[in-house]
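Take a look at the letters that make up each chain.
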Amino acid sequence: MILRLPQFRLSPLNDMTQLNSVNIRPGVNVLSVLPHLNYKAWFALAEFVDNSIQSSIANRRELEAASDGKFSLRVDIQFDGDANRIVVTDNAAGIALGDYQRAFRPAEIPPDATGLSEFGMGMKSAACWFAPKWSVRSSALGENVERTVFFDIDQIVHDSIEELNVVSSVSAVEKHYTEIRLEEIRRFPKGRTVGKIKEHLASIYRVFLRSGQLELFVDEEPLVYEEPKILVASSYRDPDGPQVTWKREIDIDLGQGKSATGFVAIREKADTRLAGLALFRRNRLVFGSADETYRPPDIFKRPNSFESQRIFGEIHLKGFNVSHTKDGVQWGENEDEFLRKLYKILNAEELPIIKQTQKYRALEDARNARKVARSVAPAITKQFDRKPLVTTQPTLRFDAPPKTPEVIDDNPPDVGENLDTVAEGERDDFQFEFLFRGAPWVVKLELSYADKDSEWLSIQSRPSITAPEPREVLIRVAMLHPFMAQFPNLESEGFTAVLNIAATMALSEVIATELANHHPAAIRTYSNEILKNLVPRTNIHG
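The paragraphs below set out a description of the structure included in this document. This one's a predicted model, so the numbers in the text were calculated from it and none came from an experiment.

Phi is positive for Asp68, which is not a glycine, with a value near 55°. Mapping Asp68 onto the fold places it in the loop between helix H4 (60-66) and strand E2 (73-80). A positive phi angle, near 70°, is found at Asn283, a position not held by glycine. Mapping Asn283 onto the fold places it in the loop between strand E14 (276-281) and strand E15 (284-287). Judged by relative accessible area, Asn283 falls into the partly exposed class, the value being 33%.

So this is what it looks like as C-alpha cells:
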C-alpha cells in the first residue's frame with residue numbers, strides 16, 4: 001500500500017529568516033489603554049474563540065483535505081491557577097506568513113471583515129485586558145515553520161517599542177494550530193466565575209455547538225448548551241383543547257437591508273434567571289447570553305412578571321453593527337420599530353404567545369417551589385415566637401415528613417379531590433409555639449398540594465375554650481390555589497410574607513371567636529372570596 005499525503009505548499013526553511021519581527025505601530029499608545037476596556041471574562045475569551053472559528057471557516061476546504069474530510073474545530077481553554085496563567089489553543093489553520101504583520105498590529109482591519117474577525121482588535125484587546133504579558137505561538141496549515149511572538153505591555157509602553165521579535169523553529173508541515181498564553185493574569189477567574197464562563201460561552205456559541213462546527217472545552221470539560229424545553233399545552237382559551245407547541249417563528253423586515261429572524265417561545269418551566277431573548281449576528285451571540293438576556297419592558301413588563309419568567313427566544317440580526325467588544329447591538333433608531341413589530345407578532349390571535357404566558361399556570365410550577373416553601377418554616381416561627389414555651393429557639397416539627405423528598409419533588413402525586421383525605425406526600429406540616437396574652441398556643445400550619453379548587457386558607461380544627469392549655473389550632477394553606485399560582489418563582493422572603501399573612505388571618509379569626517366578636521368568620525370568608533374572584537383568574541393545568 002502506498003500512503004499518499006495531502007499536497008501542501010511547502011515554505012522553505014529560510015522563511016524563518018524572512019520574518020524576524022512584526023511591526024505593531026501604532027500599538028504603543030493603543031495597547032496601554034486596552035486593559036481598561038469594559039470587558040467581561042466570557043466576552044474577552046470569546047475574542048479568541050471568534051478568531052479560531054473564522055480561521056476554520058476561511059480555510060475549510062484546506063482543513064478538510066488535510067484531515068481526509070474529517071476536520072472538526074476544537075478550541076481548548078485552560079485555567080492554571082497555580083501559575084496564574086490562561087492558555088487558549090485551537091486546531092484551526094494557524095497564522096500564515098503573509099498575515100503576521102496585520103494580525104499583530106492593533107486596529108488593522110482584515111481584508112474580509114464579513115466574518116467574526118472584523119475590527120482587527122479582538123485578540124490584542126482581550127489579551128491585554130487579561131494580562132500584561134502574553135504570547136502567540138502558531139503553525140500555519142501548509143507551512144513547516146512554527147512562529148512565536150511575545151508581548152510585554154509594560155516594557156513596550158515604557159520603551160516605545162514598535163517592532164517585536166519573532167522566534168521561529170521547524171514544525172511538521174501537517175501541523176496547524178495556534179496557542180495563546182496569557183501570563184500574570186490581572187483578573188484570574190475563580191470559583192463561581194469559572195462556572196459562569198462555561199455557561200456564557202456555551203450560550204454565546206450555541207449555534208456552532210449545535211451544528212457540530214465547534215467543539216469547545218474549558219478545563220477539559222466539553223461545553224454543551226442546554227436547550228430550554230418549550231411549553232406544549234392547551235390554549236388558555238380552551239383548557240381541554242388540543243396540545244399546542246408554543247413557539248413562533250419570527251421574520252421582521254426593518255428596511256435598508258436590516259432584518260430580524262428567529263423564534264420566540266414559552267418555556268415549559270418558568271425561570272426568572274434564564275428567560276429572555278438572545279440576540280445573534282453572524283450566528284454568534286452578541287447580547288443576551290445565559291442569565292443576561294435581553295428583556296425589553298415593551299415585551300417583558302416588570303422583572304417578576306409572567307412574561308419575564310417564561311418567554312424566551314433567539315433573534316438573528318442582519319445589517320446591524322455591533323460594539324467593538326461584540327457584546328452589544330448598535331440599534332440606531334431601529335429598536336423601537338423592531339419591538340413594535342415583535343409585540344404585534346407575539347399578540348397575533350393564531351398563536352398569542354404573550355396572552356398564553358399571562359394566563360397559563362402549571363401545577364408543576366407550584367410543586368417546583370415546594371422546597372422554598374418548606375425552607376421558610378423557621379422564619380415563620382421566628383416571627384411569632386416572642387416568648388417561647390420551653391426552649392429559647394422556635395419549636396419546628398414536620399408532622400408528616402415525606403420518606404423520600406427527592407422522589408416527591410420530582411414526581412409529585414396526582415391531585416386529590418378531598419382535603420380531609422390528603423396523603424402524607426401531598427402536604428408539608430410544621431408547628432410553632434408562642435404566648436399570646438399570657439396563654440400558650442400551639443399552631444400547626446399545613447401546606448397542602450392536594451387540591452387546586454379548595455379555599456386558599458382554611459381552619460381545620462379550633463381550640464376549645466374548655467380544653468386544657470395549650471390552645472391548639474390547625475391552619476391549612478392550599479398551595480395550588482390560583483392565588484399561589486401567580487408566584488411560580490416566589491423566593492423565601494415572599495413565601496414568608498404570604499404564609500405570615502395566612503397564619504395571622506386565621507389566628508385573628510380564632511382569637512376573635514374566643515372574644516365573642518360577632519361574625520368572626522367574616523375575616524376569612526371575605527378574604528377567600530376576594531382572592532378567588534378579584535385576583536386575575538388563571539387556568540390551572542396539571
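Pairs can form between side chains of opposite charge whenever their charged atoms are close. Taken as a whole, this structure holds 27 salt bridges when the rule is applied. Note that Arg206 and Glu314 form a salt bridge whose closest N and O atoms lie 2.9 Å from each other. Taken together, the positions of Arg206 in helix H9 (residues 206-211) and Glu314 in strand E16 (residues 311-318) put the pair 108 residues apart, joining distant regions of the chain. For Arg206, a relative accessible area of 4% puts it in the buried group. The buried category is assigned to Glu314, whose relative accessible area is 5%.

This next bit is on the sheet that holds strand E5 (residues 145-152). Taken in spatial order, the nine strands make up an open sheet running E1-E6-E5-E4-E7-E3-E2-E8-E9, and their pairing is mixed. Of all the strands in the sheet, the pair left with one neighbour each is strand E1 (21-23) and strand E9 (221-222). Bridge count between strand E4 (residues 133-139) and E5: seven bridges; the pairing is antiparallel. The residue of E5 that forms the bridge with Ser138 is Arg147. Along the sheet face, helix H6 (residues 122-130) touches strand E3 (85-90), E4 and strand E7 (177-183) and points at about 140° away from the line of E4.

With 12 residues, helix H12 (residues 335-346) should reach 16 Å at 1.5 Å per residue; the first-to-last C-alpha distance of 16 Å fits that figure. Within H12, the full set of buried residues consists of Phe338, Leu339, Leu342, Ile345 and Leu346. Taken end-on, H12 shows its buried residues confined to a sector of 125°, consistent with a single buried face. Exposed positions of H12 whose direction lies more than 90 degrees from the buried face are Asp336, Arg340 and Lys344.

Rules used throughout
- Residues numbered from 1 in each chain as written.
- Predicted model: local features only at pLDDT ≥ 70, side-chain atom pairs only at ≥ 80, totals over all residues.
- Heavy atoms only, no water.
- Helix = DSSP H or I, 4+ residues; strand = E, 2+ residues; numbered from the N terminus.
- Buried < 20%, exposed > 50% of the residue type's maximum accessible area, 1.4 Å probe, protein only.
- Salt bridge = Lys/Arg side-chain N within 4 Å of Asp/Glu carboxyl O.
- Pairing = 2+ DSSP bridges.
- Contact = heavy atoms within 4.5 Å.
- Axes fitted to C-alpha atoms, helices over the stretch in contact; angles between N-to-C directions.
- Expected span 1.5 Å × (residues − 1).
- Arc of directions from axis to C-beta.

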